[in-house]
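Commentary on secondary and tertiary structure
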Amino acid sequence: MPPVTAGSPLLPAPAPAPAAGEEEEEEEEDGEARPPPRLPRAGVAQAYVNQRKLDHEVKTLQVQAAQFAKQTGQWITMVENFNQALKEIGDVENWARSIEMDMRTIATALEYVYKGQLQPSCS
């Protein structure tokens, strides 16, 4: 069996391409030619309006995202500062405990010395 190629009896030949400047016309089922479908001007205008709205929304979203990022950075800084303050309070608390223990030791030593001086020596 011979190969099936365009233009052979099994496959019709392809339609010639339209010449430059000519618009291709589609044929309806009854054989009459009709022009290719076109977007109505209202559709193009609406697409333009929609695109402008989208562009505006994108810009607004970008501004809001930048503001949110800035605010988040400020919050992070505040939390870090608060954490540092808590660490310093903990350091002060430990320092106060240490001083308190030293003061108790000194007070006990002074009390011991004072009581030792009040007792008469037996020698």
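Just so it is clear, the structure is predicted and the values come from calculations on it, not from any experiment.

1. Examining the overall build of the protein chain
Counting its regular elements, the protein chain contains one helix and two strands. Taken from the N to the C terminus, the helices and strands of the protein chain come in the order β-β-α. Residue burial in the protein chain is summarised as follows: out of 123 residues, 1% are buried. As displayed, the protein chain offers around 12,000 Å² of accessible surface, 61% of which is attributable to carbon and sulfur atoms.

2. As for the pattern of salt bridges
Following the criterion strictly, the structure yields three salt bridges and no others. Taking the shortest distance from any N to any O, the salt bridge between Arg97 and Glu93 comes out at 2.7 Å. With Arg97 and Glu93 both in helix H1 (residues 41–118) and four residues apart, this pair spans about one turn of that helix. Overall, the relative accessible area of 46% leaves Arg97 in the partly exposed class. Here Glu93 falls in the partly exposed class, since its relative accessible area comes to 41%. Residue Glu111 pairs with Lys115 through a salt bridge whose shortest N-O separation is 3.2 Å. In this pair, Glu111 and Lys115 both sit in helix H1, four residues apart, roughly one turn of the helix.

3. Quick word on a nonpolar patch on the surface
A cluster of nonpolar side chains, namely Val92, Trp95, Ile99, Met103, Ile106 and Leu110, defines an oily patch on the protein surface of about 640 Å² accessible area. Locating Ile106 in the fold gives a position in helix H1.

4. Brief notes about the confidence of the model for the protein chain
Counting all residues, the mean pLDDT for the protein chain is 80, and 67% of those residues have values of 70 or more. Across the protein chain, the element-wise mean pLDDT spans from 51 in strand S1 (residues 26–27) up to 92 in H1.

Rules used throughout
Residues numbered from 1 in each chain as written. Predicted model: local features only at pLDDT ≥ 70, side-chain atom pairs only at ≥ 80, totals over all residues. Heavy atoms only, no water. Helix = DSSP H or I, 4+ residues; strand = E, 2+ residues; numbered from the N terminus. Buried < 20%, exposed > 50% of the residue type's maximum accessible area, 1.4 Å probe, protein only. Areas by Shrake-Rupley, 256 points an atom, 1.4 Å probe, with all protein chains shown as cover. Salt bridge = Lys/Arg side-chain N within 4 Å of Asp/Glu carboxyl O. Patch = residues over 30% accessible without salt bridge, like charges linked within 9 Å, V, L, I, M, F, W, Y side chains within 5 Å. pLDDT = per-residue confidence, 0-100.

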